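# Commentary on secondary and tertiary structure
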Amino acid sequence: MTKIAPSVLAADLLKIEQEVSNVDKAGAEYIHIDVMDGHFVPNITMGPSVVKAIRDSSPLPFDVHLMIAPADPYIVAFAEAGADIITVHQEAGPHLSRTLQLIKSLGKKAGVSLNPATPVETVLEVLNEVDLVLVMSVNPGFSGQAFISKTLKKISIIRQAIDDIGRDIDLEIDGGINKTTSKAAIQAGADVIVAGSATFAGGRRQYAANIRGLRNDKRG
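Below or above, wherever it landed, is the structure these notes cover. Note that the coordinates shown come from a computational prediction; the quantities given were computed from them, not determined experimentally.

## Re the environment of Ala208
Here Ala208 lies in helix α9 (residues 207-215). Taking the C-alpha atoms as reference points, Ala208 and Gly107, 101 residues apart in sequence, are found 31 Å from one another.

The following block contains the structure:
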């Protein structure tokens with residue numbers, strides 16, 4: 001089944017705890033939390049204290065995407081704050097395998113994210129060490145960007161590689177997601193859809209319908 005991971009960065013941040021609870025009740029599978037440092041990407045968002053503050057708002061897995069560099073010094077803090085999945089970028093440190101081992105040593109699932117210009121081969125080298133691969137379909141840092149369609153080929157390549165090794169690995173896509181691009185991503189092989197504005201559009205009463213539309217009936 002396709003999983004939907006609402007990005008809380010697009011929620012009403014003045015009511016973030018309630019918003020997390022709302023999308024949980026509306027049928028989401030993950031809560032996606034974007035962490036930006038103003039260095040690795042040109043924006044600054046939330047840190048471990050926010051993750052900790054909203055942790056009790058939902059029992060859903062917290063899918064924490066670290067768009068920060070270096071990432072290693074902050075992994076323990078996010079793990080202790082309540083992250084269930086911690087995803088780092090291939091470029092965020094010199095020793096990707098060591099970073100993934102650190103995440104897993106804390107009892108968390110480990111993910112790797114690929115920017116649009118990052119070669120797909122980099123993740124294939126560590127595919128046996130990850131629980132999630134996140135393909136960015138925009139350049140990270142800002143919401144509201146247009147979907148980069150060439151990233152669908154990257155999804156297809158990674159889907160085939162995951163199927164070939166037979167491991168249970170989430171294949172996630174994030175950036176420029178709406179009903180149309182979500183359908184294309186699912187057809188290419190993605191099974192986790194991160195959506196911010198497309199989830200939270202229309203207010204609380206619309207969240208369930210938004211999530212159903214993003215999920216697409218073809219794969220659940």
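Past the structure itself, the notes keep going.
## Structural notes on the pairing of strand β2 (residues 31-36)
For a regular strand, side-chain orientation follows a simple rule: the groups alternate between the two sheet faces. Among the 6 residues of β2, 6 are classified as buried, and the element is accordingly described as predominantly covered. Alternating positions in β2 separate into two faces, Ile31, Ile33 and Val35 on one and His32, Asp34 and Met36 on the other, with burial throughout. Here 6 bridges tie β2 to strand β3 (residues 62-67), and the two strands are oriented parallel to one another. Bridge assignment links Val35 to a residue of β3, and that residue is Leu66.

## Brief notes about the side chain of Ser57
Assignment of secondary structure puts Ser57 in the loop between α2 (48-54) and β3. For Ser57, a relative accessible area of 16% puts it in the buried group.

## Brief notes about the pairing of strand β8 (residues 192-195)
Here β8 shows a buried face lined by Val192 and Val194 and a second buried face lined by Ile193 and Ala195. Here strand β1 (residues 3-6) runs beside β8; their pairing, made up of 4 bridges, is parallel. Counted as the bridge partner of Ala5 is Val194 from β8. You can see the chain leave strand β7 (residues 170-174), run along helix α7 (residues 179-188) and come back into β8, and the turn it takes is right-handed.

Reading guide: rules and limits
Every chain begins its residue count from 1, and numbering advances along the sequence as written. Only residues with pLDDT of at least 70 get local features here, since the model is predicted, and only at 80 or more are side-chain atom pairs given and counted; chain-wide, interface and lining totals rely on the full set of residues. Hydrogens and water are ignored here; the side-chain numbers use all heavy atoms of the structure. Note on conventions: DSSP H or I runs of at least 4 residues are helices, E runs of at least 2 residues are strands, and numbering of each starts at the N terminus. Only protein chains enter the accessibility calculation, which uses a 1.4 Å probe. A residue is then buried if its area is under 20% of the maximum for its type, exposed if over 50%, and partly exposed in between. Pairing between two strands requires that DSSP report at least two bridges joining them. If you view a crossover with the strands going away from you and the path from the first strand over the helix to the second runs clockwise, you call it right-handed.

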